[in-house]
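Architecture and fold: a report
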Amino acid sequence: MATTIQVTVNGKAYSHDVDPRTLLVQYLRDVLGLTGTHVGCDTSNCGACTILVDGKAVKSCTMLAVQADGSEVKTIEGMADNGTLHPLQEGFREEHGLQCGFCTPGMIMTSADLLERNPNPTEHEIREALEGNFCRCTGYHNIVKSVQYAAKKISNQEKVA
Amino acid sequence: MTNYIGKAVKRVEDKRFITGKGRYTDDIILPGMTHAYIVRSPYAHARISSVDTSAAEAIEGVVKVFTGKDIAESGINGIPTGWQVNFKNGDTMKEPPHPLLVSDKARYMGDAVAIVIAESREIARDAGDMVEVEYEELPAVADAKKATEAGAPLVHDDAPNNMCFDWELGNPKAEVDEAMSKAHHITTLEFVNQRVIPNAIEPRSAIGHFEESSDKYTLYTTSQNPHLTRLLMCAFVLGIPEHKVRVVAPDVGGGFGSKIFHYAEEALVIWCSQRLKRPVKWTADRSEAFMTDAHGRDHVTKAEMGFDKDGKIMGLRVKTYANLGAYLSTFAPCVPTWLHGTLMQGLYTTPKINVDVTGVFTHTVMVDAYRGAGRPEATYLLERLMDTAALEMKIDPAELRRKNFIPAFDGVKQAGYQTQVALQYDSGNYQGVLKRALEMVGYEKFREEQKAARKDGKLLGIGFSTYIEACGIAPSAVVGALGARAGLYEVGQVRVQPTGKVSVYTGSHSHGQGHETTFAQVVADRLGIPMDDVEIIHGDSESVAFGMGTYGSRSLAVGGSAIVKSLDKIIEKGAKIAAHKLEASEEDLEFAEGKWTVKGTDKSVGFGDVALTAYVPHNYPAGLEPGLDFSSFYDPANFTYPFGAHIAIVEVDQDTGKVSLKRFIAVDDVGNVINPMIVDGQIHGGLAQGIGQALLEGAVYDENGQLINGSYMDYTMPRADDLPSFEIDRQVTPCPHNPLGVKGAGEAGTIGSTPAVVNAVMDALSPFGIKNLEMPLTPERVWRAMNS
């Protein structure tokens, strides 16, 4: 028994019939083909599937697609602005904050939520904010630096503006 | 800029990953694709009385259910192992069959019983729950040492005492016993190097695609070595012709060893696709990954080290029971033997060494290489012995190491160092890395702080680990003599296109290591062309001629060297073409900055011109073949031997037992460095995994063989707030036997770090008289030790 949902993803409006048990992450990956959001676990611990729902970081494996009805969703594919990388995307590249890349989209989305709430976080605050996202490659060292890079860049941009 | 080697060039591959455009196996959707769900045994050991698939097959959308009986009747083989280790008496190791689906008995929790193929993942899973399997549960054994005891349940009827092999290396035991009998002091440790789970964040996935029209198969898989998977699957399991099979390992989300091996699911999706004439995709969920990915470590060890009165090591005696799991995974037999026993020399001049290993079957999932593979276990043993001995003999742990270090040698002017355990080290300067690490930590000052802190009831500790490892595996003839069933060379093809752009095909595979950047730096630098003109292609058996894949920190040392060999051939042939164009003799030319110049003149011809001429050979050297495209196999002359000094500083909370890692200093020598940013990243990641084993991680099987912490809710992996930022530095002692002088950086951090952390905790706890605790050093374990 399908339910119709209306959801805006990365600025584009969609309407789809979905099975009520479809997870939001499956909807994004299987229906919309947005495979940048990854599935790393089945217990909502790894954070690889983190996206923004109405501006807040959400693990999209913990949410049903039907719960996103009427929401505004942003995934990693929507982070760059007309080809200009988001400061977090740039930061992860500049500071070598990724290796295999599998956790990276989730890391970037969680970090986006953090910088929205706390534009100038300390190392400790960054580490605490990212404790729901596993990375097995980097030891987190350069991820912290990547977020710091982005925080600095955003703050400089705002000063200019 | 054409000078790339040694520069922290930003990674080429990042763009797709930071924009969500990576292409991992589970992202691939093929027309008509079906989805597989595997029914697995909930018991560690059970006789299978019956499997009823009728209810499952009645569900709408189910395409087919295959069982162990179908596999048995099809006549295909099981999963082979790639390494043979013999018993001490010369008998061949026990090598029981490992069917793709079992029909008679399940031998570990997660053993595959049936596979459901359906139109969607959800239907497959629903139907999987409807497959009715009748099990008769049997007694199980999960502990390696207990499995060898009389009366233990047998995993395989034809492996008495569950022994796969027994094996020893080094000096005859009698000689070691004699050396030990003369020792002034013997330090003894008995411990478990606990089982850990690799946990790449991308779960394993495989898609089998049989195309009847061309009789061709494609396997997309989360693999660290697609070519070896193809060889094993075609020649040993399914008996299908290798030239009809393409194996693609696209972007792979981490491996750490767990994706080296040929897994049953890969052969299963191909076999099912051939039967059904449709693509079949299987992706593990995390719980399934915990149960079925090959695990690492799991040694039960007794180690004794004898010293003279001045602290010089006189001998080392080691007995290890190594858990291999229920079946033999691809490299399983070599991990606790040739990758473990051969490291017992460490950095020390120990004159007599004997290491004895029993490989044991248990009712647990397979154990195989996990980051470091055997070398972390050896390093843990040696470095725990060193710090414990220092404490017992009241010698400073840094001083004890200095007394025993092998003196520096470069492998060129001074010969390599012949160990007592088969290896010959290539080059090393062990004092150097320890000296630098001590400077960085501010050792003397720390000891003063520690004293003062103790007076205030604060438990600070410092721990050392000075390690060596053998990587860049490996010389084929050597590993062949040691039981490897494959060569361990690498293949590198350099195809210069007519326009002078360069496509490079490597048999190495990147799943985070950054080959597309590092290898391009080497190629661009050597050819004197921009990096943008170089493309690195890997992970597809149809475009890359052959390959042995990425593990054992071998990509740059072996795979990079293969590319260099091809570059040399390109430059050599290019010189002939350039000489013809410049009407000069080859001997009068020099190649630099992307052009051939007649020495002492300004007459030159560029790389692009030469490339075009090679493909448009109108005015061309007589007798020279057109084209500029070379492939090389590089078989290394020796292993490479990175080494380093790691120091951990911890604080133990006396009220809760919680260990906080305050600082971690690592000075590693991985030979020459192509991209320091990437090498540092490899060290960071390695450290986190080694520290994870010390403090947080450990697979727990109960006495019934149930994996009781098989989820991220239960298995503790390092999170961002568990770790400090690392303090790292580097020393460079080039490898003398490969053209790049590189040694390998992927595993060093993991190999060195674990004992440093445990030693630091033991140092912090020394006022309590605690000398040894089992890993992971959880708050509960530490608190109980302090309060007992």
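Residues numbered from 1 in each chain as written. Chains lettered and ligands numbered in written order. Predicted model: local features only at pLDDT ≥ 70, side-chain atom pairs only at ≥ 80, totals over all residues. Heavy atoms only, no water.

On to the interface of chain A and chain B, then. At the junction of the two partners, chain A supplies 46 residues and chain B supplies 54 residues. Between chain A and chain B lies a buried interface of about 4,300 Å² when both sides are counted; carbon and sulfur atoms form 53% of it. Joining chain A to chain B, the criterion identifies 5 salt bridges. Our count for the chain A to chain B interface comes out at 31 residue pairs in polar contact (both at pLDDT 80 or more). Among the elements that line the side of chain A that touches chain B, the one with the most residues is helix α2 (residues 87-94) of chain A, at 4 residues. The class makeup of the residues in the side of chain A that touches chain B is 16 nonpolar, 18 polar and 12 charged. (Contact = heavy atoms within 4.5 Å. Buried area = accessible area lost by both parts, 1.4 Å probe. Salt bridge = Lys/Arg side-chain N within 4 Å of Asp/Glu carboxyl O. Polar contact = N/O pair within 3.5 Å; in protein donor to acceptor, adjacent residues only side chain to side chain. Helix = DSSP H or I, 4+ residues; strand = E, 2+ residues; numbered from the N terminus. Nonpolar A, V, L, I, M, F, W, Y, C, P; charged D, E, K, R; others polar.)

Attention now goes to the sheet that holds strand β19 (residues 490-496) of chain B. Residue and element names in this part refer to chain B. Taking strand neighbours across the sheet as the criterion, the 4 strands line up as β21-β20-β19-β25 in an open arrangement whose pairing is mixed. In this open sheet, the two edge strands, each paired with only one partner strand, are β21 (534-538) and β25 (629-634). Strand-to-strand, the axes of this sheet are offset by a mean angle of 15°, without reference to chain direction. Sheet analysis places strand β20 (residues 502-506) next to β21, joined by 5 bridges and oriented parallel. Looking at the pairing, V502 lines up with V534 of β21. (Pairing = 2+ DSSP bridges. Axes fitted to C-alpha atoms, helices over the stretch in contact; angles between N-to-C directions.)

By a widely used convention, the size of an interface equals the accessible area lost when the partners come together. Residue and element names in this part refer to chain A. Assigned domains within chain A: domain 1 (3-78) and domain 2 (87-160). Contact with domain 1, which involves 18 residues of that partner, is made by 13 residues of domain 2. Here domain 1 packs against domain 2, burying approximately 1,200 Å² in sum over the two surfaces, 63% of which is carbon and sulfur. Counting the surface domain 1 buries against domain 2, the share from its top three residues, H38, T50 and I76, is 40%. Inspection of the region where domain 1 meets domain 2 yields 0 salt bridges. The interface formed by domain 1 and domain 2 holds 5 residue pairs in polar contact (both at pLDDT 80 or more) in total. Counting residues per element, the ones that place at least two in the side of domain 1 that touches domain 2 are β3 (50-53) and β4 (56-59). (Domains from an automatic or database assignment.)

For the rest of this paragraph, the subject is empty space enclosed by the protein. Residues and elements named next belong to chain B. As enumerated under the stated definition, the model contains 8 cavities of 30 Å³ or more in all. The space that makes up the second largest cavity amounts to roughly 160 Å³. Around the second largest cavity, the lining is made up of 21 residues, and of these H98, Y108, Y263, A264 and M366 lie nearest the centre. Within the residue set of the lining of the second largest cavity, elements represented by two or more residues are β1 (34-40) and α8 (264-276). Ranked by residues supplied to the lining of the second largest cavity, first place goes to α8 with 3 residues. Of the residues contributing to the lining of the second largest cavity, the split by class is 12 nonpolar, 5 polar and 4 charged. The two domains that each donate at least three residues to the lining of the second largest cavity are domain 1 (14-138 + 202-253 + 259-292) and domain 2 (296-474 + 638-786). (1 Å grid on protein atoms, 1.4 Å probe; cavity = no way out; pocket = protein on both sides within 12 Å on 5 of 7 lines; lining within 4 Å. Points joined across faces, edges and corners; volume = space filled by probe spheres on them.)

On the surface, a cluster of negative charge is contributed by E125, E128 and E131 of chain A together with D721 of chain B. Residue position: E125 of chain A is located in helix α4 (residues 123-129). (Patch = residues over 30% accessible without salt bridge, like charges linked within 9 Å, V, L, I, M, F, W, Y side chains within 5 Å. Areas by Shrake-Rupley, 256 points an atom, 1.4 Å probe, with all protein chains shown as cover. Lys, Arg positive; Asp, Glu negative; His and termini not counted. Charge placed at Lys NZ, Arg CZ, Asp CG, Glu CD.)

Counting across every chain of the model gives 57 salt bridges over all chains. A salt bridge links R246 of chain B to D540 of chain B, with the nearest nitrogen and oxygen atoms 2.6 Å apart. In this pair, R246 of chain B sits in strand β11 (residues 245-248) while D540 of chain B sits in the loop between β21 and α16 (555-582), placing the two residues 294 residues apart along the sequence. In the salt-bridge network here, residues are joined through shared partners; they are R29 and D30 of chain A together with D26, D27, R121 and K281 of chain B.

Omega for the bond connecting I473 of chain B with A474 of chain B falls within 30 degrees of zero, at -5°, which places this linkage in the cis form. Unlike most non-glycine residues, D54 of chain A shows phi in positive territory, near 50°. With respect to the secondary-structure elements, D54 of chain A resides in the loop between β3 and β4. A positive phi angle is found at Y140 of chain A, which is not glycine, with a value near 70°.

Turning next to the packing of aromatic side chains. Applying the stated criterion to the full structure yields 25 aromatic pairs over all chains. Taken together, a centroid distance of 4.7 Å and an interplanar angle of 55° make the contact between F134 of chain A and Y712 of chain B tilted. Here Y712 of chain B lies in the loop between α18 (676-695) and β28 (727-730) and F134 of chain A lies in the loop between α4 and α5 (141-160), a pairing that spans two chains. Judged by its relative accessible area of 1%, F134 of chain A is buried. On the numbers, 4.3 Å between centres and 35° between planes, the contact of F591 of chain B with W596 of chain B is tilted. Judged by relative accessible area, F591 of chain B falls into the partly exposed class, the value being 22%. Taken together, the aromatic side chains of Y348, F405, F409, Y430 and F643 of chain B make up a single cluster linked through ring pairs. Seen from the ring of Y321 of chain B, K319 of chain B lies directly overhead, with NZ or CZ sitting 4.8 Å from the centre. (Phe/Tyr/Trp six-rings, centres within 6.5 Å; stacked < 30°, edge-to-face > 60°. Buried < 20%, exposed > 50% of the residue type's maximum accessible area, 1.4 Å probe, protein only. Lys NZ or Arg CZ within 6 Å of the ring centre and 35° of its normal.)

Time to look at helix α3 (residues 104-117) of chain A. All names here are of chain A. Taking 1.5 Å of rise per residue, 14 residues should cover 20 Å, and α3 covers 20 Å from first to last C-alpha, within 8% of that figure. Of all 14 residues that make up α3, 12 are buried, and the element is covered over most of its length. Taken together, the buried positions of α3 are occupied by T104, P105, G106, M107, I108, M109, T110, S111, A112, D113, L114 and L115. (Expected span 1.5 Å × (residues − 1).)

Here the focus is the packing of helix α11 (residues 397-404) of chain B against helix α12 (residues 430-441) of chain B. Residue and element names in this part refer to chain B. In contact at an axis separation of 10 Å, α11 and α12 are set at 165° when each is read in the N-to-C sense. With respect to each other, α11 and α12 are oriented roughly antiparallel. Handedness of the α11/α12 crossing: left-handed. Here α11 contributes A398, R401 and R402 to the contact with α12, which in turn contributes Q431, L434 and L438. When grouped by side-chain class, the residues that make up the contact of α11 with α12 number 3 nonpolar, 1 polar and 2 charged. (Parallel < 35°, antiparallel > 145°, perpendicular 65-115°, else oblique. Left-handed = near helix turned anticlockwise from the far one by under 90°.)

This paragraph deals with the pairing of β28 of chain B. Strand residues, when the strand is regular, have side chains that alternate between the two faces of the sheet. All names here are of chain B. Examined bridge by bridge, strand β27 (residues 659-669) and β28 share 4 bridges and lie parallel to one another. Pairing of V667 across the sheet is with D729, part of β28. In this view, the connection linking β27 to its parallel neighbour β28 by way of α18 has right-handed handedness. (Right-handed = clockwise from strand over helix to strand, strands pointing away.)

It is worth spelling out the domain arrangement of chain B at this point. All names here are of chain B. We note that the domain assignment places domain 1 (14-138 + 202-253 + 259-292), domain 2 (296-474 + 638-786) and domain 3 (489-634) within chain B. A straight line from the C-alpha centre of domain 2 to that of domain 3 covers 40 Å. The interface is formed by 22 residues belonging to domain 2 together with 20 residues belonging to domain 3. For the pairing of domain 2 and domain 3, the buried interface totals around 1,500 Å² over both sides, and the portion due to carbon and sulfur atoms is 61%. Area buried by domain 2 at its contact with domain 3 is led by I473, I674 and L740, which between them contribute 34% of it. The interface formed by domain 2 and domain 3 includes 0 salt bridges. Here domain 2 is connected to domain 3 by 8 residue pairs in polar contact (both at pLDDT 80 or more).

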